[in-house]
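Now for the letters of each chain:
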Amino acid sequence: MIIDHRTYTMVPGRLKAFLELYEREGLPVQRKHLGEPIGYFTVETGPQNQVVHLWGYESAADRERRRTAMESDPDWIAYRRKSAEAGNVQYQENKLLRSVPFSPL
């Protein structure tokens, strides 16, 4: 299993707007293509104005197949455009994590 660990840093004061738009328009499309996230979190300590979400895949090929399908979905394209126009996100960081044999996931 691999985990796609994504951290988004918001423009200060824009976290609520990001979450509202994402929950309404982004998450339904992601669920359609990616399934349920492993987790979706806001950061309480450390760097502020951050959202962290985790998505699980069987392999890198599985991730690529699902994300390629999502990227061509007109609803996802529309959401990405609205999100960019809203100017909520300041910075994004992605990490692919591979589980070790003794990991519970």
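Being a predicted model, the structure only gives us computed values, none of them experimental.

Definitions and limits used
- Every chain is numbered independently, its residues counted from 1 as its sequence is written.
- In keeping with the predicted nature of the model, local features appear solely for residues at pLDDT of at least 70, side-chain atom pairs appear and are counted solely at 80 or more, and the whole-chain, interface and lining totals rest on all residues.
- Water and hydrogen atoms were dropped before computing side-chain values, which therefore reflect all heavy atoms in the structure.
- Throughout this description, buried means an accessible area under 20% of the type-specific maximum (1.4 Å probe, protein chains only), exposed means over 50%, and partly exposed covers the range between.
- We count a stretch as a helix when DSSP gives it H or I for four or more residues in a row; a strand needs E for two or more, and each element gets its number in order from the N terminus.
- At least two DSSP bridges between two strands are required for those strands to pair.
- Helix axes use the C-alpha atoms of the stretch in contact, all axes being lines fitted to C-alpha atoms, and the angles between their N-to-C directions lie in the range 0 to 180 degrees.
- In what follows, residue pairs with any heavy atoms lying within 4.5 Å of each other are defined as contacts.
- For cavity detection a 1 Å grid was placed over the protein atoms alone, and a set of points counts as a cavity when a 1.4 Å probe fits there but cannot get out; an open set counts as a pocket when protein lies on both sides within 12 Å along at least five of seven lines, with lining residues being those that have an atom within 4 Å of a point.
- Grid points are joined across faces, edges and corners, and a volume is the space filled by probe spheres set on the points.
- Here the nonpolar group is Ala, Val, Leu, Ile, Met, Phe, Trp, Tyr, Cys and Pro; Asp, Glu, Lys and Arg are the charged ones; every other residue, Gly included, is treated as polar.
- Any carboxyl oxygen of Asp or Glu within 4 Å of a side-chain nitrogen of Lys or Arg constitutes a salt bridge here.
- Reported orientations rely on four angle classes, namely roughly parallel under 35 degrees, roughly antiparallel over 145, roughly perpendicular from 65 to 115, and oblique for the rest.
- In a left-handed crossing the near helix is turned counterclockwise from the far helix by less than a right angle, and in a right-handed crossing that turn is clockwise.

A. Seen up close, the pairing of strand β1 (residues 2–10). Within β1, nine of the nine residues are buried, which leaves it mostly tucked inside the rest of the structure. By the alternation rule, side chains of β1 split into Ile2, Asp4, Arg6, Tyr8 and Met10 and Ile3, His5, Thr7 and Thr9, which are all buried. Bridge count for β1 against strand β3 (residues 50–57) is eight bridges, and the pairing is antiparallel. The partner of His5 across the bridge, within β3, is Leu54.

B. How the structure looks around the sheet that holds strand β2 (residues 39–42). Read across the sheet, four strands follow the order β2-β3-β1-β4 without closing on themselves; strand pairing throughout is antiparallel. Strand pairing shows two members of the sheet lacking a second neighbour, β2 and β4 (89–98), which therefore form its edges. The sheet shows a mean angle of 15° between the axes of neighbouring strands, taken without regard to direction. Pairing analysis gives four bridges linking β2 to β3, with the strands arranged antiparallel. Note that in β3 the partner of Tyr40 across the bridge is His53. Across the sheet, helix α2 (residues 60–71) touches β1, β3 and β4, and the angle it forms with β1 is around 50°.

C. Summary view of the layout of surface pockets. Computed from the structure, the largest pocket encloses a volume of approximately 310 Å³. In terms of lining, the largest pocket is formed by 18 residues, of which the most central are Tyr8, Tyr79, Arg80, Ser83 and Gln92. For the lining of the largest pocket, the element with the most residues is helix α3 (residues 74–86), which contributes five residues. Class assignment for the residues of the lining of the largest pocket results in eight nonpolar, six polar and four charged.

D. Here's a closer look at the pattern of salt bridges. The full count for this structure, using the stated rule, is 12 salt bridges. For the salt bridge of Glu25 with Arg24, the shortest nitrogen-to-oxygen distance reads 3.5 Å. Judged by its relative accessible area of 22%, Glu25 is partly exposed. Residue class for Arg24 comes out exposed when judged on its relative accessible area of 54%. In this structure, the salt-bridge partner of Asp62 is Arg66, at a minimum N-O distance of 3.1 Å. Remark: Arg66 and Asp62 occur in helix α2; sequence separation between them is four residues, near one turn of the helix. In this structure, Asp62 and Arg66 share a single accessibility class: buried.

E. Fine view of the packing of helix α1 (residues 15–34) against α3. Look at α1 against α3: their axes get within 9 Å of each other, and the N-to-C directions meet at 165°. Considered as vectors, α1 and α3 are oriented roughly antiparallel to each other. As for the relative orientation of α1 and α3, their crossing is left-handed in sense. Listed contacts from α3 to Phe18, Leu21, Tyr22, Glu25, Gly26, Val29 and Gln30 of α1 are Asp75, Trp76, Tyr79, Lys82 and Ser83. Its residues assigned to classes, the contact of α1 with α3 shows six nonpolar, three polar and three charged.

In short, geometric facts, not functional conclusions.
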